[in-house]
Amino acid sequence: MKRWLPFEWIAAVRFLLDGAVQTLVIVGGIAIGVGVIVFMSAMLAGLQANFIKRVLTSVPQIQLLPPDQVARPLRGQPGTIEAAVVQRPTQRMISIDQWPKIRAEMQARPDVVYAAATASGSALALRGDTSRAVTLYGIEPEIYFKIVKVPDFIVAGEAQVTTEGILIGIELASDLGASLGDKIIVSTPLAGNRILTIKGIFDFGNKAANQRNTFVTLRNAQSMLGLIGGVTSIDLTVADIYAAESIAQEVQAMLQVKADSWIKTNAQFFTAVQAQQNSNTLIRLFVGLSVAFGIAAVLIVTVIQRSKDIGILRAMGTRRGQILRVFLIQGGLLAFVGSVLGSALGALALFTWHRSARQVDGSELFPLILDVDLFVWAAVLATATGVAAAIAPALRAARLDPVVAIRG
Amino acid sequence: MADVLTLDGIRKSYNVGTPVETEVLHGIDLTMQRGDFLALMGPSGSGKSTLLNIIGLLDRPTGGRLLINGEDTGQLGDSALTHLRGHAIGFVFQYHYLISAFTARENVMMPMLVDCGRPDAAMEQRADELLDRVGLSKWRNNSASNMSGGQQQRVAVARALAMDPALVLADEPTGNLDTKSADDVFELMRQINRERGTTFLLVTHNDDLAARCDRIVRVVDGRIAG
């Protein structure tokens, strides 16, 4: 008997050890439940992180654009005739009004991590007798590359955007028959032809993006697109990617810009992520509930089995509160030990699955994310669940009439 | 000097306030003084066990007064009764009821542990002394389930003495033992009674053992018959 342990702990541990088989079975059950939760949570977190990485590294999380241009017919003036149909005007390429001020304002927000201005528009890329329609992105590389991680996708050359240089996608390079260091002509209606050198070739893993996207310096794009001193969008990354839509709405309400978040532009993907999260939560909830019911059932049986012991303990002066605590501790201990074993089980399953499950291209299906927090939370929540599940059996034990209990 | 136990017109009814209300004890008067060794006898269903439960503060009477060491228990709440039971009364049951998850020594320590909350050296020493007194020093680290009935009952006697109670209630303590063991256990209680002056109230069906007690009280149909 350990001298520093209080009576309740001693009794709880001894009762659990005395019914070793029963204890092992329930601890096994809890371990499997917690293992499933840990495995699923870590795997889904990994898969989700992978998906999000794939989607969000090639697009900004929020894009601020000039507001839609609308026709404003004069109404209600005496002597004017109202048109029955008002046609939507063509959307000319215009700059965001006061963009340096807006960018500074965005950068100052605590929920915005980076804000980069870009000027983009259509152009033609020509080489020999081949031409391809492309989107010309004029960027400030040092900040833009923090938002869209182009350097991570470079397959040839470097992510260096210079006055004479251009970055193009792997598909465009192949269509034009061009390789690193070759010169191509980029033609725009306003600025005519401009000869640029291919400084880098990237592969976003998306054919359309590899065919269309090209990156030049902001100044180049401004002059080629006829937007001297202007930009067509301000791209943002935010601290919490799931708050992107609410931030976008807030910004749109505050400023004269249109704000599109990745959640809106990738609605289907976002719905899939949400559905996955919801199903994960549901599975966790039901596994947690079945673990709780398992603990409660075993403890109810234990109370019945131990009723004579409880009776004799009460007869020798044990208070109801002490009996209550003995069974609450048993619930907590069962769940804690089960959760520690379950965490180890879940981590092992995760390692094994991570090693064997591969994508078609041989790369990992999901990054292995073993967050210490996950294990700590699993243990804390499981223990709390164990104690909560033990409340009913513990109350039953505490309320046992010693006369009835001793008589059996 | 105050009586250890005073029963004054103790009544007990079941199903109170219903058409099937039954009174099983019809006004019991009894006093016991320090050092008494009393046998409580009576046929099955006479109310002995009910009376013993009431005296042991495990059950409450529906009428009359019960005084332990001069303290009226009628006014005490549940936790005060539990405290008084732990300190003033020791129990020895027919089916010994040691807690199988603990060793003999730990079973003897249990009333002290329950009272103090944590084990200490003094408790261990007292448990060892008591086990020595009942002749089971060698068996102190044995689990309760690895002992014979007679040995278990001796441990139960040692446990009943752990808090040095004024009164030990023994409900047919030898009812489940062979003649030799029964005799040993009875003699042990008798010796302790003489050495320490502990008051013993023994429920028994055994006339020979009853004859060796100081007093015999017979309960018949819920009344003291003599």
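Conventions and cut-offs
- Counting restarts for each chain, with residues numbered from 1 along the sequence as it is written.
- By the order in which they are written, chains take letters starting at A while ligands take numbers starting at 1.
- Where totals are concerned, whole chains, interfaces and linings use all residues; where local detail is concerned, this predicted model gives features only for residues with pLDDT of at least 70, and gives and counts side-chain atom pairs only at 80 or more.
- Side-chain figures throughout are based on the complete set of non-hydrogen atoms in the structure, without hydrogens or water.
- The helix count covers DSSP runs of H or I at least four residues long, the strand count covers runs of E at least two residues long, and both are numbered beginning at the N terminus.
- Values of the radius of gyration come from C-alpha atoms, whereas the globule rule sets the reference at 2.2 Å times the count of residues to the power 0.38.
- Buried, partly exposed and exposed residues are distinguished by accessible area as a fraction of the type maximum, computed with a 1.4 Å probe on protein chains only: under 20%, between the cut-offs, and over 50%, respectively.
- Throughout, a contact is declared for two residues whenever any of their heavy atoms are within 4.5 Å.
- Accessible areas in this description were obtained via Shrake-Rupley with a 1.4 Å probe; residue shielding takes into account the shown protein chains only.
- Neither His nor the chain termini are counted; the positive set is Lys and Arg, and the negative set is Asp and Glu.
- Here the site of a charge means atom NZ of a Lys, CZ of an Arg, CG of an Asp or CD of a Glu.
- Here a pair means two rings of Phe, Tyr or Trp (six-membered ring of Trp) with centres within 6.5 Å. Their orientation is stacked below 30 degrees between planes, edge-to-face above 60, and tilted elsewhere.
- Each ring is checked for a lysine NZ or an arginine CZ that lies within 6 Å of its centre and within 35 degrees of its normal; such an atom marks a charge sitting over the ring.
- Any two strands with at least two DSSP-identified bridges between them are counted as paired.
- Fitted lines through C-alpha atoms give the axes, limited to the stretch in contact for helices. The angle between two N-to-C directions lies from 0 to 180 degrees.
- The score called pLDDT rates the predictor's confidence residue by residue, from a low of 0 to a high of 100.
- We call a set of buried Ala, Val, Leu, Ile, Met, Phe, Trp, Tyr and Cys residues a nonpolar core when their side-chain atoms join them within 4.5 Å.
- Cavity means a closed set of points on a 1 Å grid over the protein atoms alone, one where a 1.4 Å probe fits but cannot get out, pocket means an open set with protein on both sides within 12 Å along at least 5 of 7 lines, and lining means a residue has an atom within 4 Å of a point.
- Grid points are joined across faces, edges and corners, and a volume is the space filled by probe spheres set on the points.
- Basically, the charged four are Asp, Glu, Lys and Arg, the nonpolar ten are Ala, Val, Leu, Ile, Met, Phe, Trp, Tyr, Cys and Pro, and anything else, Gly included, counts as polar.
- Within this document, salt bridges are pairs made up of a side-chain nitrogen of Lys or Arg and a carboxyl oxygen of Asp or Glu, the two lying within 4 Å of each other.
- Think of a polar contact as two N or O atoms within 3.5 Å of one another; within protein, one of them needs to be a possible hydrogen donor and the other a possible acceptor, and neighboring residues in sequence only count if both atoms come from side chains.

1. Points about the overall build of chain A
Tallying secondary structure elements over chain A gives 15 helices and 10 strands in all. Whereas a compact globule of 408 residues would reach a radius of gyration of roughly 22 Å, chain A reaches 33 Å, over 25% beyond that. Across its three principal axes, chain A shows a C-alpha extent of roughly 100 × 65 × 40 Å. Going through the 408 residues of chain A one by one, you find that 46% of them count as buried. Of the contacts made within chain A by residues no fewer than 6 positions apart, 76% connect residues no fewer than 24 positions apart. Accessible area for chain A stands at about 20400 Å²; split by element, carbon and sulfur atoms hold 61% of it. A distance of 10 Å separates the average location of the 36 positive side-chain charges in chain A from that of its 28 negative side-chain charges.

2. Quick look at the packing of aromatic side chains
Two aromatic rings are characterised by how far apart their centres lie and by the angle between their planes. Evaluation of the coordinates by the stated rule reveals 12 aromatic pairs over all chains. Ring centres of Phe15 of chain A and Phe102 of chain B lie 6.4 Å apart, and the angle between their planes is 75 degrees; this geometry places the pair in the edge-to-face category. On the criterion of chain membership, the pair formed by Phe15 of chain A in helix H1 (residues 7–18) and Phe102 of chain B in the loop between strand S6 (89–92) and helix H3 (104–116) is interchain, its members lying in two chains. Of the two residues, Phe15 of chain A and Phe102 of chain B, neither departs from the other in class, the shared state being buried. A ring pair is formed by Phe204 of chain A and Phe215 of chain A, whose centres lie 6.5 Å apart and whose planes are at 80 degrees; its orientation type is edge-to-face. Here the residue Phe204 of chain A occupies a position in the loop between strand S7 (192–202) and helix H7 (207–212), and Phe215 of chain A occupies one in strand S8 (residues 213–217), the gap between them amounting to 11 residues. Its relative accessible area of 9% is what places Phe204 of chain A among the buried residues. The cationic tip of Arg190 of chain B hangs over the ring face of Phe37 of chain B; the distance from NZ or CZ to the ring centre is 4.6 Å.

3. Considerations on the sheet that holds S6 of chain B
Hydrogen bonding along the main chain pairs the strands of a sheet, whether they run parallel or antiparallel. All names here are of chain B. Taken in spatial order, the 6 strands make up an open sheet running S6-S7-S8-S3-S9-S10, and their pairing is mixed. Two strands lie at the open edges of the sheet, namely S6 and strand S10 (223–224), each paired on one side alone. Bridge analysis of S6 against strand S7 (residues 167–171) gives 4 bridges, and the strand direction is parallel. Counted as the bridge partner of Gly90 is Val168 from S7. Against the sheet, helix H6 (residues 179–196) contacts strand S3 (37–41), S7 and strand S8 (199–203), and its axis sits at roughly 155 degrees relative to S8.

4. Let's talk about the confidence of the model for chain B
Per-residue confidence for chain B averages 90 on the pLDDT scale, and 98% of its residues sit at or above 70. Complex prediction metrics read pTM 0.74 and ipTM 0.89.

5. Some details on the environment of Met40 of chain A
Here Met40 of chain A is to be found in helix H2 (residues 20–56). Residues in contact with Met40 of chain A, not counting those within four places in the same chain, are Asn280 and Ile283 of chain A.

6. A word on the nonpolar core
Counting 126 residues, the largest nonpolar core has Leu313 of chain A together with Leu5, Leu7 and Leu201 of chain B as its most contacted members. It is H2 of chain A that contributes the most residues to this core, 10 residues altogether. Ala123, Ala173, Ile241 and Ala243 of chain A belong to the second largest nonpolar core, which has 52 residues in total.

7. A closer look at empty space enclosed by the protein
Throughout the structure, instances matching the rule amount to 1 cavity of 30 Å³ or more. If you add up the space inside the largest cavity, you get close to 110 Å³. Lining the largest cavity we find Ile312, Ala315 and Met316 of chain A together with Gly86, Ile89, Gly90, Phe91, Pro111, Arg159, Ala160, Ala162 and Met163 of chain B. Taken together, the elements giving at least two residues each to the lining of the largest cavity come down to helix H12 (307–315) of chain A together with S6 and helix H5 (149–160) of chain B. Broken down by element, the residue count for the lining of the largest cavity peaks at 3 residues, all from S6 of chain B. Class assignment for the residues of the lining of the largest cavity results in 9 nonpolar, 2 polar and 1 charged.

8. Looking at the interface of chain B and chain A
Facing 28 residues of chain B, the contacting portion of chain A comprises 30 residues. Between the two partners, chain B and chain A, sit 2 salt bridges. Across the pair Asp78 of chain B and Arg320 of chain A runs a salt bridge whose closest N-O atoms are separated by 2.9 Å. Applying the counting rule to chain B against chain A returns 9 residue pairs in polar contact (both at pLDDT 80 or more). Within the residue set of the side of chain B that touches chain A, elements represented by two or more residues are helix H2 (78–88), H3 and helix H4 (121–133) of chain B.

9. With respect to the pairing of strand S5 (residues 165–169) of chain A
All names here are of chain A. Taken across its 5 residues, S5 has 5 buried, putting it largely inside the fold. Alternating positions in S5 separate into two faces, Gly165, Leu167 and Gly169 on one and Ile166 and Ile168 on the other, with burial throughout. Pairing geometry for S5 and S7, over 5 bridges, is parallel. Looking across to S7, one finds that Leu167 is bridged to Gly200. Here S5 runs beside S8; their pairing, made up of 2 bridges, is antiparallel. Across the sheet, residue Leu167 finds its bridge partner in S8, namely Phe215.

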